[in-house]
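# Structure assessment
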Amino acid sequence: RENGFALHVGRIVPEKRLDLLLKAWREARMKIPLVVAGDASGDEYQRMCRDLALGSNVLFVGAQTGEILEELYSNTVMVVQPSVLEGASLVLLESAAYGKCVICTDMPANREILDDAGIYFPKDKITDLVSLLCRCYNTEDLRMDAGLRARSRVGLEFSLDAVVSGYEQ
């Protein structure tokens, strides 16, 4: 755990609510770094996020794919996805496939993917997010259980066979 990190993957745009996560991260005073894997084109929102991250143990690593992204998912302690606008989130599916604890916004699209395997907080509720960050970091059994349930769920509901079967129906 001492060598771990939390992970946020996604475009750095307002609807992904990285700003909320950065504020929560600062307030939670986490002992591990937050790694942000997302584009960095330098617009106003991205500059604001970088400013919010100053002095908060946050690493911006840019958009990642392939082996590097696989390494990030494989080695993270938890994935945090505070987005308020999602369809079928690839980040949630990938996180679950890696058996990771996922903290995300409580909304129908996220529940459809993770069901009871997700760790949810109400939209824009920073105090709830702070509490969950600390609880998940400090409770290895919670992280392990959530990760196992997530992996099992995506294996059953989102496997190639399940998707093809659903499409055929």
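Scroll up for the structure.
Described below are features of the structure shown in this document. (Residues numbered from 1 in each chain as written. Predicted model: local features only at pLDDT ≥ 70, side-chain atom pairs only at ≥ 80, totals over all residues. Heavy atoms only, no water.)

## Some words on the overall build of the protein chain
Worth spelling out the cut-off: Helix numbers and strand numbers start at the N terminus; a helix is a DSSP run of H or I with at least 4 residues, a strand a run of E with at least 2. Partly exposed residues are those whose accessible area sits between 20% and 50% of the maximum for their type, while under 20% is buried and over 50% is exposed, using a 1.4 Å probe and protein chains only. Contacts are residue-level and defined by heavy atoms, with any inter-residue pair within 4.5 Å sufficient. To measure how exposed things are, a 1.4 Å probe is used in the Shrake-Rupley method; for residues, cover is taken only from the protein chains shown.
Looking only at helices and strands, one finds 8 helices and 6 strands in the protein chain. For the protein chain, the sequential pattern of α-helices and β-strands runs β-α-β-α-β-α-β-α-β-α-β-α-α-α. Classification of the 169 residues of the protein chain by burial places 47% in the buried group. In the protein chain, once contacts between residues fewer than 6 apart in sequence are set aside, the share between residues at least 24 apart is 70%. Of the roughly 8,800 Å² of accessible surface on the protein chain, a fraction of 51% belongs to carbon and sulfur atoms.

## Focus on the side chain of arginine 17
Which entries qualify depends on this criterion: Whenever a nitrogen or oxygen atom comes within 3.5 Å of another N or O atom, the pair is scored as a polar contact, on the condition that within protein one atom can donate a hydrogen and the other can accept it, and that pairs from neighbouring residues in sequence are kept only if both atoms are in side chains.
Relative to the elements of secondary structure, arginine 17 occurs in the loop between strand S1 (6-9) and helix H1 (18-28). Under the relative-accessibility criterion, arginine 17 is labelled buried at 16%. For arginine 17, the side chain forms a polar contact with the side chain of aspartate 19, separated by 3.0 Å. In this structure, arginine 17 is in contact with Tyr45, Pro82, Val84 and Asp124, ignoring residues within four places of it in sequence.

## Description of the sheet that holds strand S5 (residues 101-105)
The condition that has to hold: In this analysis, strands are considered paired if DSSP registers two or more bridges between them. Here the axes come from fitting lines to C-alpha atoms, over the contacting stretch only for helices, and the angles between their N-to-C directions go from 0 to 180 degrees.
Taken together, the 6 strands give an open sheet; going across it, the order is S3-S2-S1-S4-S5-S6, and neighbouring strands pair in parallel fashion. Pairing within the sheet leaves two strands with one partner each, and these edge strands are strand S3 (58-60) and strand S6 (119-121). Averaged over all pairs of adjacent strands, the angle between strand axes in this sheet comes to 20°, irrespective of strand direction. The sheet contact formed by S1 and strand S2 (residues 34-37) spans 4 bridges and is parallel. Bridged to leucine 7 within S2 is valine 35.

## Observations regarding the layout of surface pockets
With a probe scaled to a water molecule rolled over the atoms, the places where space remains empty come into view. Rules: A cavity here means a set of 1 Å grid points, computed over protein atoms only, where a 1.4 Å probe fits but cannot escape. A pocket is an open set with protein on both sides within 12 Å along at least 5 of 7 lines, and lining residues have an atom within 4 Å of a point. Grid points are joined across faces, edges and corners, and a volume is the space filled by probe spheres set on the points. When residues are grouped by polarity, Ala, Val, Leu, Ile, Met, Phe, Trp, Tyr, Cys and Pro land in nonpolar, Asp, Glu, Lys and Arg in charged, and all others, Gly among them, in polar.
By volume, the second largest pocket amounts to about 190 Å³. Val9, Gly10, Arg11, Ala37 and Gln64 are, among the 13 residues lining the second largest pocket, the residues nearest its centre. Counting residues per element, the lining of the second largest pocket draws most heavily on helix H4 (residues 90-97), at 3 residues. Broken down by class, the residue content of the lining of the second largest pocket amounts to 6 nonpolar, 3 polar and 4 charged.

## A few points about the pairing of S1
Going residue by residue along S1, you find Ala6 and His8 tucked away on one face and Leu7 and Val9 tucked away on the opposite face as well. Pairing geometry for S1 and strand S4 (residues 78-81), over 2 bridges, is parallel. By the bridge assignment, alanine 6 is partnered in S4 with methionine 78.

## Remarks on helix H3 (residues 66-75)
How we decide: Note that the arc is defined by the directions from the helix axis to the C-beta atoms.
Buried residues of H3: Leu69, Leu72 and Tyr73, and no others. Looking down the long axis of H3, one finds its buried residues gathered within 95° of arc, a one-sided arrangement. Here the buried face of H3 lies against S1, S2, S4 and H4.

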